[in-house]
Each structure stands twice: as structure tokens, then as C-alpha cells.
Amino acid sequence: MTALVRCEGLAVAYPGRPPALTGVSFAAPAGVRVAVLGPNGGGKTTLFRALLGELPAAAGTLDVARCAVVPQTERSRLDFPVSALDVAVMGALSRLPWWRRPGRAERAKAAEALERVGLGDRIDHTFGDLSGGQRQRVLVARALVQDAPVLLLDEPFSGLDTASTDRLERLLADLAAEGRTLLIATHDVDQARTWDLVLCVNRHQIAYGPPAETLTLPVLEETYGASLLALPGSDGQVVCPPHHHDHGDHDHDHAH
Amino acid sequence: MLALLHDLTDPWREPLLRRAFLEVALLGLAGGAMGCWVVLYRLSYSAESLAHSLLPGLVLAALLGLPLLLGGAAGILVAALAVALAARTPVIGRDTAVAIVVTTLFGLGALLALSADSPPGLDGLLFGDVLGVDDGDLWLAGGLVVALGVVLGLGHHRLLAVGLDRLSAPSLGIRAGVVDAVLLVALAATLLVAVQGLGNLLVVALLVAPALTAGRFTRRMGPMIAVSMAVAVLGGWGGLYLSYHAGIAAGASVAGVLCVVALLSVALTRRRRSPRTRRGARSRAPSPRTSPSAPAGR
């Protein structure tokens, strides 16, 4: 299977600074969900920006299909007078020349994308009035309008309650099943275990592979450094990165 | 009834006032539309600063007999460069840099305008002279309306995207820096043209007050711009009528009426808005804090 994302010895630097991320080598085929784990400032966002072409490769090679980003919904201004449809339509701008306004075709496509993420009945709602989970799905719809085979999601589950998390999980599984590659930045190791591949970074790549082989205690310790906590009474098998969880049973699969 | 009709039609008999009505209408269309982006992009303070800092340019142009537009443009350019330079000085913040530069330039302009040797009539630069507009001013205002219509019309969706979330604009193929620059140039052009009708001190009312009013009654950008333009034109005309019948300064009346309308709209919608906000909060699912923190599928 051809990889939609392939990096070889990639290093990324912000202009005039030493590399923020080095030694990234991985290939992600179509149809997988890749968890990108790492501490804050560990290089997750830097990697995304390199994949988008916003930052050049300081070393190594990068071969990636067209990417669309699903940003954190917390970053959006909620006081803006825009509807869910207005936001989804913005996904069409990347392929329109500057003198063309989005027209009927683009609006139809955006409405279809909102339908796809389960928000067909919220098209005319004000973006800022939607719940956090709904806003996150509007931003997924916007990325779908961009028609990119690779989706980069920046901590899409942060701040979501259980029901919204479930719903978004199902949506991401469906999108991957349709042949897209999803790179999902997350802090949730438990969630990462249920996906196809895991990429651990902390200023350099620490591990890449299926979760069962990759998410070992040494790898997680190296990824999260001193901020890692072992759960009491878990004999070191269960680890807990900065985010807390009040349960210890991880040996089961998620039903989707 | 007939008396009211006369009150409304009388001013239109005078060519001077007909021109003023036309000028205020054109500036209202331009300022009403531009103001919505100024308010949403939180540029109100920048707009006020730019308007004040172009005074020395205007005064110098008036003293030298050059076109005011030229002097104003030079003034804005000098102000922008001075702010950029001052903001680079490590001990001065950007906010402080703007304040220092603006007061310096405005003081310089006032010094030039109010010195004994200056010809009379320069106070029109401060408070505007909407009753003194000539055909050239009207053509200029008309040109501004057309230009803004094209720029804001074509840029509408990109302006929305950058305003909503600046950081993710590049991933949508939008250069936020270019969008900002276009918006600032459009703002500078609007100020340059409007300053001649309403003056340095009052022009910001035309940009901020109608947009604030419109924002209280609309939920989408398109309708907000339409309402803002209507409020600016009708409020501006209201100001001219007030000036005519009460015998008070035209520019100040226009600015005053627009600001009173804005204040009233805020007061009237304060109560109306809160139930909707509460309803919005209730319709949302319980926050993560109140629900068990188990992740999905468990």
C-alpha cells in the first residue's frame, strides 16, 4: 500500500532557531488513524506545520499528500457572526482564486459535508452557539470540503464530554475507513491504544508503530519525561501522562 | 403633519445642504460597511489613532495649498512608520507606542493649525466641514464606496476566515498578513476620505457606532453590514436635520446622533440577549467537569 505521509530523517526548525523537532521517520498508509503523542512543546504542532508546508524541512525528506487541518475549536472566536455553513464553506477557499467568491456549488458541498458529520440540521446555527463537540465537527466538515486525503487533527477531543467524544470517535473511524489518513495529536494514551498506529515525539521521534508494541513504559517515560505518573497499584503497567484517568483496565477493545 | 413634512424637505432646498446629505450618505455607506470589519477585528482603537495622527499632514497640506488627500496620506504613512519604529524599542509596548506617536503627531498638528499665522478655517480639519464639501469631495466619496464594495465583496470570506481563527488561515490557503494589510489600507482610505467631511475627531463615530448598533440586532455578517450601512446613512441624515433645525455644528450632530443610537441599541438589547445566551448554554451537553472523565467507548 502506498503511504500518504512519508518522512525520512525529517528535522523541522522555526526560522533562525535550532530545530524544534528532529529524526522523524515514518510512513502512514491510507485508511489509518495515527495518534501523535507528546508533551506540550514536544513538536506535535511543529510536525503538523511541516506537513502543511508552513515550515520547511531543515533536514531529511518529506513526501506528503494534500493535508487539511482540523484546528482546536478553543482557538476560534465564538462572538463571530458566522453560521456553521459559513465556516464549512471556508474549506473551499483554498482552491478558489482570490477573485472568486464561493458560490452555489461550494455551499452545496459544505452543506453535504455538514450532513456527513451529522450536523445537517444545524447548518444555519450560529457557530459560537454550538457545543464544543458540534463546533469540532463543523471544523471536520470544513476540512472535508478541502478534499484532502490527509487530515491533521489538533487535540480534537480536548474539552469534550463523553457523548461528544464517542460521536467524534465514530466519525473519525468512518473517515479513516473511507481511505483517508488521520494524524491525531492527543494526550490520551488510552485513546491512542484503540487506533491503528502511534507516533511518539518529544523534540525528536521516540517511537512509531502499532500501539500494542509501541506504548511501552520506557517509550512513554521518554515521551513524557518527568511529567509521567504511574497509577498507584498498577505495578507499572498502566501509565498516566499529564491527563488523569480514574480507571485501570486497558485490556479491551473499543466497540465502534 | 404638514409642518413635519416641511421640516424634512426644507433643508433639501439648499444646494449646500443637498451636497451635505449626499456626502453623508456616501460616507455612511463606506463607513457603515468598513466599520463592521473594524469592530470585529477589534481595530477601533487603531482607527481612532490613525484618524488623529493624520492631522499634521492635513494641516501642512492646507498651509501649502496642496490637496488634503495627499497630506492626509503622507500623515498616515508617517504615523504607521513611527508606530512601527516605536514598537520595536524594547521598553515601549505596542499599545504605548501608538499612544505616544498619536499624541505627538496630533499635538504637532494642533500647534500648526492653531498658531497665529495660520489662515482661519483650519479647525474644519478637526471637526469636519460637511457643509463645505465640493463636487470633487463627492466624487471622491463615491469612488471610495465603489472601491470598498469591490475589495470587501471579494475579500468577504477570507476576512471572515482570518477573523474567526487567524492561526488556521494558512491551512485554508489564506495569507493572514495579506488580508490584514488589505483591511488596513481600506481603513486608511476610508479615514482619508471621511476625515474631510467629519474631521479628525469625529470620523471614528461613523466607523464604530453604526457597526456596534448593527451587531446588536443581527447574527450574520451580510445582514450586519447592510444594517450598519442603513444606520450610518439614516443616523447621519438625522444628524444633519438636527444641525439644521437646532442650529448646531453639522459634524458634531452627525457623530452625536450615531453614538446615541449605538448606546440606545446596547441598552435595549441587553435584556433581550441574555435569555438566548442562557438557552444556548442549557442546550449544550453537560460539561466535562460534571461528567465522569471516562474516555469513549467504555
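Residues numbered from 1 in each chain as written. Chains lettered and ligands numbered in written order. Predicted model: local features only at pLDDT ≥ 70, side-chain atom pairs only at ≥ 80, totals over all residues.

**Overview of the packing of helix α2 (residues 15-40) of chain B against helix α8 (residues 135-164) of chain B**
All names here are of chain B.
Then, number 1: Where α2 meets α8, the axes come as close as 10 Å, and the angle between the chain directions of the two elements is 15 degrees. As judged from the angle between their axes, α2 and α8 are roughly parallel. Crossing geometry of α2 relative to α8 is assigned as left-handed. On α8, the residues that touch R19, L22, E23, L26, L27, L29, A30, A33, M34, W37 and L40 of α2 are D137, L138, A141, G142, L144, V145, L148, L152, L159 and G163.
Then, number 2: Each residue belonging to the contact of α2 with α8 can be placed in one class, and the counts come to 16 nonpolar, two polar and three charged. (Axes fitted to C-alpha atoms, helices over the stretch in contact; angles between N-to-C directions. Helix = DSSP H or I, 4+ residues; strand = E, 2+ residues; numbered from the N terminus. Parallel < 35°, antiparallel > 145°, perpendicular 65-115°, else oblique. Left-handed = near helix turned anticlockwise from the far one by under 90°. Contact = placed C-beta atoms within 7 Å. Nonpolar A, V, L, I, M, F, W, Y, C, P; charged D, E, K, R; others polar.)

**Some words on the sheet that holds strand β1 (residues 3-12) of chain A**
Residues and elements named next belong to chain A.
Then, number 1: Strand order in the open sheet formed by three strands is β2-β1-β4, with antiparallel pairing between adjacent strands. The sheet terminates laterally at β2 (21-29) and β4 (57-64), the two strands that pair on one side only. Ignoring which end each strand starts from, the neighbouring axes of this sheet average 5 degrees apart.
Then, number 2: Two elements, β1 and β2, share six bridges in a ladder whose sense is antiparallel. (Pairing = 2+ DSSP bridges.)

**Notes on helix α6 (residues 94-114) of chain B**
Residues and elements named next belong to chain B.
Then, number 1: Over its 21 residues, α6 runs 30 Å from end to end, which matches the ideal 30 Å to within 8%, given 1.5 Å per residue.
Then, number 2: Residues of α6 that are buried include every one of V98, V101, V102, L105, F106, G109 and A113, and no others. The buried residues of α6 occupy one face: seen down the axis, they fall within an arc of 120 degrees. Every exposed residue of α6 that faces more than 90 degrees away from the buried side is listed here: L111 and L114. (Expected span 1.5 Å × (residues − 1). Buried ≥ 20, exposed ≤ 12 C-beta atoms within 10 Å, placed from the backbone. Arc of directions from axis to C-beta.)

**Section: the sheet that holds strand β9 (residues 205-209) of chain A**
Residue and element names in this part refer to chain A.
Then, number 1: Read across the sheet, six strands follow the order β5-β6-β7-β3-β8-β9 without closing on themselves; strand pairing throughout is mixed. Lying at the two open borders of the sheet, with one neighbouring strand each, are β5 (67-70) and β9. Between one strand and the next, the sheet's axes are offset by a mean angle of 15 degrees, whatever the strand orientation.
Then, number 2: Sheet topology places β5 next to strand β6 (residues 150-154); four bridges connect them, and they run parallel. From the neighbouring strand, C67 faces β6, where its bridge partner is V150.
Then, number 3: Most of the contacts of helix α1 (residues 44-51) go to β6, to which it runs at about 150 degrees, and overall it touches β3 (33-37), β5, β6, β7 (181-186) and β8 (197-201).
Then, number 4: Its contacts with the sheet put helix α5 (residues 162-177) on β3, β6 and β7, and the angle it makes with β7 is roughly 150 degrees.

**Topic: the pairing of β6(A)**
Residues and elements named next belong to chain A.
Then, number 1: Within β6, five of the five residues are buried, which leaves it mostly tucked inside the rest of the structure.
Then, number 2: Neither face of β6 is left uncovered, since the one carrying V150, L152 and D154 and the one carrying L151 and L153 both have all their residues buried.
Then, number 3: In terms of strand pairing, β6 meets β7 through five bridges, oriented parallel. Within β7, the residue paired with V150 across the bridge is T181.
Then, number 4: Taken together, β6, α5 and β7 form a β-α-β motif whose crossover is right-handed. (Right-handed = clockwise from strand over helix to strand, strands pointing away.)

**Section: unusual backbone geometry**
Then, number 1: At A:D147, a residue that is not glycine, the phi angle is positive and equals roughly 60 degrees.
Then, number 2: By the element assignment, A:D147 lies in the loop between α4 (132-145) and β6.
Then, number 3: Of note in this structure, B:R42 is not a glycine but carries a positive phi near 55 degrees.
Then, number 4: Its place among the elements puts B:R42 in the loop between α2 and α3 (44-53).
Then, number 5: Under the C-beta neighbour-count criterion, B:R42 is labelled exposed, with 10 such atoms within 10 Å.

**Re the environment of B:V193**
Residues and elements named next belong to chain B.
Then, number 1: Examined against the element boundaries, V193 turns out to sit in helix α9 (residues 176-198).
Then, number 2: With 26 C-beta atoms counted inside 10 Å, the residue V193 sits in the buried group.
Then, number 3: Taking C-alpha positions, V193 is 27 Å from L8, a pair spaced 185 residues apart along the chain.
Then, number 4: Sequence-distant contacts of V193, defined by excluding residues within four places in its chain, comprise L140, A141 and L144.

**Concerning the nonpolar core**
Then, number 1: In terms of nonpolar packing, the biggest core is built from 163 residues, with A:A88, B:A30 and B:L191 touching the most fellow members.
Then, number 2: With 13 residues, the top contributor of residues to this core is α2(B).
Then, number 3: Among all residues touching A:A88, those that are not within four sequence positions of it are A:A110, A:A113, A:L114, A:V138, A:A141, A:R142 and A:V145. (Core = buried A, V, L, I, M, F, W, Y, C linked by C-beta atoms within 7 Å.)

**Considerations on the confidence of the model for chain A**
Residues and elements named next belong to chain A.
Then, number 1: Model confidence for chain A is summarised by a mean pLDDT of 87, while 88% of its residues fall at 70 or above.
Then, number 2: For the stretch residues 233-237, pLDDT sits under 50, and the model shows three contacts to residues farther than four places along the chain or on other chains.
Then, number 3: With pLDDT under 50 throughout, residues 243-256 is counted as low confidence; its partners more than four residues away or in other chains account for 21 contacts. (pLDDT = per-residue confidence, 0-100.)

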